[in-house]
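# Descriptive analysis of the structure
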Amino acid sequence: MKPIKIGILGAGSFARAFVPLFKAHPQVRGVSIAEILPDRRRIESARAAVAETYGTLEELLASDCDAVAIFTQRWMHARQAIAALKAGKHVYSSVPAAVSAEDLAELVETVKATGLTYMLGETSYYYPSAIFCREMWRQGKFGRFVYGEGEYMHDMSHGFYEAYKYSGGADWKRTAGVPPMFYPTHTMSMIVSVTGARMTHVSCLGQVDQSGDGVFGKGLNQWDNEFSNETALFRTSDGGSARINEFRRVGHWGGRSVRLSLFGTEGCFEEQPEGDVWVNRSREVTPVSDLLRCSPSANDLSDLGDKQEDGTQHDFHSGMAPVHPVWRLPRELVHMPTGHFGSHLFLVDDFVRACTSNTLPPNHVWAAARYNLPGLVAHESAKRGGELVPVPDLGGPPEGSALLEDALAKLAPATPAWTLPKPAYTGKSWW
Ligand SMILES: NC(=O)c1ccc[n+]([C@@H]2O[C@H](COP(=O)([O-])OP(=O)(O)OC[C@H]3O[C@@H](n4cnc5c(N)ncnc54)[C@H](O)[C@@H]3O)[C@@H](O)[C@H]2O)c1
């Protein structure tokens, strides 16, 4: 395995949490940073002690990095990923993969043509609830899929105004009004990564924004988007259905803003702000919050407060939950600060291992497309008043691809790191 060199593209507030992790990974031989804004380039490279810096993507692509990790604004990723792949670089992309169906299809084709590693940095994939449900699914505890609910409830007042102003300049409202369903991968991945089925049809309703803050509305943003909340109902390829909420105006507490609930013919999981529960057809009720709650750890950055010094939200902190497969992390990473419910360390490790071992990471480009395209089509449906629209499929990985998950399974401890606790209630005793 040859160590790789990572070029970070975009040194905004999210990249800040990842540069130290890439630097610390034992299979990374170097890290460089490309950032257009000179002040930000200087400050972030000094903060992370990265000596090699560039001003543009083109300069980064001309350098000797093996991979590009994209942390630019959300509507830029696909074109930059395609350029990087064509320049012979592996690509890690922050979410979403693309904001147009055409770009997404071209991205998939480019990955196929180049044979390089592409991975979507989908944080929700490593949220404790998703990990728990994938394991229960693998054990057959859900039975057949019936219905799933994924929701991302992030009110604009919870850090989004600051985030858009931070890089958007005077014109920040032009991009802050991005359709909620153009950022669907957190929610969609929660369901799709558990069941393996894909979304085949969608009917979506949009809520016309009432706030009058000049962000959402006809003519106000580059997508001419007037919806600040969108709710979509999907048919899934395994005969079930799923409801996805992408809300940007909602009086929700903002803590566990990405949530999953999944219902099967044998068992169900429900995630709520203060309590997660596994129930089954035998009327057993098992609270599982202790398995899913991330510990405040020595690595927890929450004592730094909600806001960073530049005004952006400091919401990238958290320790690990008992369900996290900490055993697969290189020891150099285990004690590093993580974030987004423990996910950062796993994303970095997945990407570096996939590149160096030539295996497919779980969030490869075909998975990314199945998390992303349903949202783009959902927005089209919303614009047509909820018309039922088919969701095209961009296919799956080549037959016989070596999977990173298989390689990691060999590292698993002989005794499982966690098991489902005994039910707290049975029968109707709960009531
Ligand atoms: N949970 C999650 O998965 C999660 C959380 C936060 C952010 N994100 C994603 O991460 C990405 C970054 O978010 P952020 O808040 O740090 O954004 P940001 O606006 O703070 O930073 C983006 C940076 O990229 C730079 N940039 C843009 N184009 C460039 C180019 N061609 N060359 C060099 N630099 C360039 C900008 O100048 C800016 O500094 C976004 O796409 C966002 O969607 C994901």
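Above this text is the structure in question.
So, how was this worked out
Residues numbered from 1 in each chain as written. Predicted model: local features only at pLDDT ≥ 70, side-chain atom pairs only at ≥ 80, totals over all residues. Helix = DSSP H or I, 4+ residues; strand = E, 2+ residues; numbered from the N terminus. Buried ≥ 20, exposed ≤ 12 C-beta atoms within 10 Å, placed from the backbone. Arc of directions from axis to C-beta. Contact = placed C-beta atoms within 7 Å. Core = buried A, V, L, I, M, F, W, Y, C linked by C-beta atoms within 7 Å. Near = placed C-beta within 6 Å. Nonpolar A, V, L, I, M, F, W, Y, C, P; charged D, E, K, R; others polar. Pairing = 2+ DSSP bridges. Axes fitted to C-alpha atoms, helices over the stretch in contact; angles between N-to-C directions.

## Re unusual backbone geometry
Cis geometry marks the peptide bond from Val-95 to Pro-96; its omega dihedral reads -5 degrees. Tracing the backbone through its elements, the reader meets Pro-96 in the loop between β5 (90-93) and α5 (101-114). Positive phi, normally seen in glycine, also occurs at Ala-49, with a value near 55 degrees. Residue Ala-49 is classed as exposed on the basis of its C-beta count, with 10 C-beta atoms lying within 10 Å. The residue Asp-224 is not glycine, and still its phi comes out positive at about 55 degrees. Note on placement: Asp-224 falls in the loop between β8 (199-208) and β9 (227-236).

## Brief notes about helix α4 (residues 77-86)
His-77, Ala-78, Ala-81, Ile-82, Ala-84 and Leu-85 are the residues of α4 that are buried. Seen end-on, α4 carries its buried residues on one side only, within an arc spanning 165 degrees. Of the surrounding secondary structure, the elements contacted by the buried residues of α4 are α3 (57-62), β4 (67-70), β5, α5 and β6 (118-120). Residue Gly-88 follows α4 closely and has a positive phi angle near 90 degrees.

## Here's the deal with the nonpolar core
The biggest cluster of nonpolar side chains holds 118 residues, and the ones touching the most others in it are Ile-8, Ala-69 and Leu-107. The dominant element in this core, judged by the number of residues it contributes, is helix α13 (residues 365-383), at 11 residues. Setting aside residues up to four positions removed in sequence, Ile-8 forms contacts with Ala-15, Val-19, Val-31, Ile-33, Ala-34, Ala-69 and Phe-71.

## A closer look at the site of the ligand
In the vicinity of the ligand lie 26 residues, with Gly-10, Gly-12, Phe-14, Ser-94 and Ser-167 positioned nearest. It is helix α7 (residues 156-168) that contributes the most residues to the shell around the ligand, three residues altogether. Its residues assigned to classes, the shell around the ligand comprises 13 nonpolar, 10 polar and three charged.

## Some details on the sheet that holds strand β3 (residues 53-54)
Strand order in the open sheet formed by six strands is β3-β2-β1-β4-β5-β6, with parallel pairing between adjacent strands. Unpaired on one side and paired on the other, β3 and β6 mark the two borders of the sheet. Looking at chain direction, strand β1 (residues 4-9) and β4 are connected through four bridges and run parallel. The residue bridging Ile-8 from the neighbouring strand is Ala-69, located in β4. The strands touched by α4 within the sheet are β1, β4, β5 and β6, with β5 carrying the most contacts at an inclination of about 165 degrees.

## Topic: the pairing of β8
Across nine bridges, β8 lies against β9 in antiparallel orientation. Residue pairing in the sheet places His-201 in a bridge with Arg-235 of β9. As defined by bridge partners, β8 adjoins strand β15 (residues 389-390) across two bridges and the pair is classed as antiparallel. Residue pairing for β15: His-201 is matched across the bridge by Pro-390.

## Re the sheet that holds β9
Reading across the sheet, the nine strands line up as β14-β13-β12-β11-β7-β10-β9-β8-β15 and stay open at both edges, with mixed pairing between neighbours. Edge positions in the sheet fall to β14 (285-287) and β15, since each of these pairs with one other strand and no more. The sheet contact formed by strand β11 (residues 258-264) and strand β12 (residues 267-272) spans two bridges and is antiparallel. Directly across from Phe-263, in β12, lies its bridge partner Cys-268. Here α13 sits on the sheet and contacts β8, β9 and β15; the angle it forms with β8, its principal contact strand, is near 50 degrees.

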